[in-house]
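Coordinate analysis (summary)
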Amino acid sequence: MLVIKDLHAKIEDKEILRGINLEIKPGEVHAIMGPNGAGKSTLSSVLTGNEKFEVVDGSVTFNGKDLLDLSPEDRAREGMFLSFQYPIEIPGVSMVNFMRTAVNEHRKYRGEDPISASDFLKLMRDKKKLVDIDSNLTNRSVNEGFSGGEKKKNEIFQMAMLEPKLAILDETDSGLDIDALRVVANGVNKLKSPERSTIVITHYQRLLDYIVPDYVHVLYKGRIVKSAGKELALELEEKGYDWIKKEFED
Amino acid sequence: MNVACRIVDLQEEYIKLFNDQLPLIQSGSPEKMNSLREEAIKIFEEKGIPSNKVEAYKYTNLQPYFKGSLNLAFTNEAAHTDVTQHFHCEVPQLNTYNVFLVNGWFSAKDSDTNLPDGVVVCSMREAAEKAPEAFEKHYGEIAPTKEDSLVAMNTAFAQDGAFIYVPKGVVLEKPIQVVNIMTGDEDRLAFQRNLIIVEENAQLKMMLCDHTMSAQRFVVNTVTEVFANQNSVFDVYNVQNQHNLTTQVQGLYVHQKKHSNILTNNLTLHSGIARNNVGVIMDDEQCESHVYGLYLTDKNQHVDNFTSINHDKPNCQSFELFKGVMDDSSTAAFTGKVFVAKDAQKTNAYQSNNNLLLTQNAKINSKPQLEIYADDVKCSHGATVGQLDDEAMFYLRARGINQDESRVLLMFAFAYEVIEKIRVEPLKEQIRGLVEKRFRGEFDKCDSCVVCGQPGSNASCL
Ligand SMILES: Nc1ncnc2c1ncn2[C@@H]1O[C@H](COP(=O)(O)OP(=O)(O)OP(=O)(O)O)[C@@H](O)[C@H]1O
Ligand SMILES: [Mg+2]
């Protein structure tokens, strides 16, 4: 589904991704961990097409298409979704209008007619239930005045609305209380299918108790320096990153 | 009678025109209007059409726009009544009482039976008969004839306009919509003078919709005086929807009495050169004023909003918000004067002006001017100039929304705050739609009369 080969990306002459290799198959869950500033969010930004970063080398294919050739909106329509680490507030753009526009743009891309008003309301209702999000929130402007946890829930709500093929969850667990964490994780798990894949970026094992990864990767200084099964996350929780850093420097 | 004239030197020719046509100008106008003309033309003669050397007109040199070959109508034949027949309201929820003015002349209105008892809506030329006392008392007393040469020019030349009188205690449920149309086959200069009186405990919401219906060059000088008596509530929404060859200078001057609550909103959706003067005088305690504006500009359009709010008495509040979205090489200016008199203690005055520039070439001059002589006041002001937020753009695009659509969403998000201030629900809806269309580039100033659906096929458009 996603094949990343020797990906290099920079911002303002600073190389942040320094040769990433990663392959994700349909249905797989990959966790990416690593110390602050390692480049995890940069990788998500580059994959989703944020023009702030410049790709200097490497290739990425997504379901056979050259991903780097696509605009951010086309990547989304092809089924890529990013749950942002820091969701942005957009006062004046209502959640309803935002979601209706997004859903319809996806439908248009697939050659379908715009969703009917009643179907849209039903869809909203169902997905709100799925992630247990307060109706008051979806009646407001996008993320405006939302608490940290509410913003994260809202990301998962949007994911549920758009049903992506590959979801990248960038620290979706940070800022969530224990109940919200469970709800969000359940939301993610309910969307799981043999066709859908997930990249979970996190610092904590906690989330991985709910969303169980098939692989755990450690990103450090712009490279994946270690990959293993889910037990790696436990080991990291216990021992921290020092031993990996040391291994890498050696 | 129509007079075609060629203006090269401004004052000289305008003064000559005034002197030559004085008998016609006076004919049929109320005495009060005529009695102020001589003094007004002297003031105009002295000051002339402002260039950008005049401080208040620093960002808009009007002289070139008042020059050239222009037609003036000194009798109401310019009020082509046939034009107004094409107008019909296509917003069923927006049930308004309609008044039409063509080229500055009162042309048509809905039947008086649709108005509550005692409410007068008529031509300025009939005002002295229909509401003699109020007309005598307020005409020419609110607009700053001595300070502003364009008001002086209007006072000297204007022969017609809309007059609205809402007597004590009457609350108009239906908004009154005054549709101002510029049309005809000649380039034209028009004067229009309106007077609105809202008496004690009365309420009026009105729209002033400015349109152009033919592709000629139009120069419009409009002055609207408003008297808001004790406990009155008054809203005016000025929707400007004119083609690029239009120059419109208009003044909206409001005089407030105790406990009155007024709102002005200048919605400049499309224009050529627009200069909007808004002057509010709170001359009694416990007045509240809301002064808002939204300007959307592109190509080489220019919009200059010049506001002045006077807190003359204690315990008054004013809220001012102007926002602009500017594209291409359009320019705009905002001046926000707030004057707080020495004994106007406990004044609250808030002002802000925010601008979104879509290109490097668009330009805004924003100038707050606070003059505060009282010591126990709360005043704030702020001006911002920004571009579209890249992060917000990316967020929207990352959800599959294309770049153009994302831009529209963000521009609309920027503008919506001013639209939300509209206190007439169906109008708010309508303006929302029009602003969105404007941002999408689908806005046709000819086929979408702002409030009434104006079929474009009837007019040749620019
Ligand atoms: N806009 C930017 N300008 C300059 N440097 C940047 C910018 N964005 C990110 N970086 C740098 O890129 C590096 C990687 O940042 P990134 O956000 O990808 O880290 P991360 O692995 O997600 O960290 P965290 O765990 O703290 O979220 C950091 O050194 C960061 O300072
Ligand atoms: Mg990060």
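Here the structure is shown first, and the text comes after it.
Presented here is a report on the structure given in the accompanying data block. Please read all numbers here as calculations on a predicted model, not as lab measurements.

Further remarks concern the sheet that holds strand S7 (residues 176–182) of chain B. Residues and elements named next belong to chain B. One open sheet accounts for 10 strands, arranged S4-S3-S7-S9-S11-S13-S15-S17-S19-S21; its pairing is mixed. At either end of the open sheet lies a strand with only one pairing partner, and these are strand S4 (105–109) and strand S21 (377–386). Adjacent strand axes in the sheet meet at a mean angle of 10°, parallel and antiparallel pairs treated alike. Bridge analysis of S7 against strand S9 (residues 203–212) gives seven bridges, and the strand direction is parallel.

Another aspect to go through is the sheet that holds strand S5 (residues 65–66) of chain A. All names here are of chain A. On the basis of which strands lie adjacent, the open sheet formed by four strands has the order S2-S1-S4-S5 and antiparallel pairing. Only two strands of the sheet have a single partner each, and these edge strands are strand S2 (14–24) and S5. Taken together, the two bridges between strand S4 (residues 54–62) and S5 define a ladder with antiparallel strand orientation. Across the sheet, the residue bridging to Thr61 is Asp66, located in S5.

With that out of the way, let us pick up unusual backbone geometry. For Asp13 of chain A, which is not glycine, the phi torsion reads 65° and is therefore positive. Residue placement: Asp13 of chain A occurs in the loop between strand S1 (2–11) and S2. The backbone of Lys299 of chain B sits at a positive phi, close to 45°, despite the residue not being glycine. Considering the arrangement of structural elements, one finds Lys299 of chain B in the loop between strand S15 (288–297) and strand S16 (302–311). Its relative accessible area of 48% is what places Lys299 of chain B among the partly exposed residues.

Before going further, it helps to examine the site of ligand 1. Residues and elements named next belong to chain A. Close to ligand 1 lie 15 residues, the nearest being Ile16, Gly37, Lys40, Ser41 and Thr42. When the free accessible area of ligand 1 is taken as 640 Å², the share hidden by the protein chains comes to 69%. Among the elements of the structure, S2 and helix H1 (40–48) are those that each provide at least two residues to the shell around ligand 1. With three residues, the single largest contributor to the shell around ligand 1 is H1. Classifying every residue of the shell around ligand 1 gives four nonpolar, seven polar and four charged.

Calculation notes
- Throughout, a residue's number is its position along its own chain's written sequence, starting from 1.
- Both sets of labels track the order of writing: A upward for chains, 1 upward for ligands.
- Reporting of local features is limited, given that this is a predicted model, to residues whose pLDDT is at least 70; pairs of side-chain atoms are given and counted only at 80 or more, and all residues count toward the totals for whole chains, interfaces and linings.
- Hydrogens are left out, water is left out, and the side-chain values use all remaining heavy atoms of the structure.
- When DSSP finds at least two bridges between two strands, those strands are taken to pair.
- In this description a helix means any DSSP run of H or I spanning at least four residues, a strand means any run of E spanning at least two, and both kinds are numbered starting from the N terminus.
- Here the axes come from fitting lines to C-alpha atoms, over the contacting stretch only for helices, and the angles between their N-to-C directions go from 0 to 180 degrees.
- For every residue, the accessible area (1.4 Å probe, protein chains only) is compared with the maximum for its type, and the residue is labelled buried under 20%, exposed over 50%, or partly exposed between those bounds.
- To be near a molecule or strand, a residue needs just one of its heavy atoms within 4 Å of it.
- Surface accessibility follows the Shrake-Rupley procedure with a 1.4 Å probe radius. Residue values consider only the protein chains on display as shielding.
- Gly counts as polar in this scheme, as do all residues outside two lists: the nonpolar Ala, Val, Leu, Ile, Met, Phe, Trp, Tyr, Cys and Pro, and the charged Asp, Glu, Lys and Arg.

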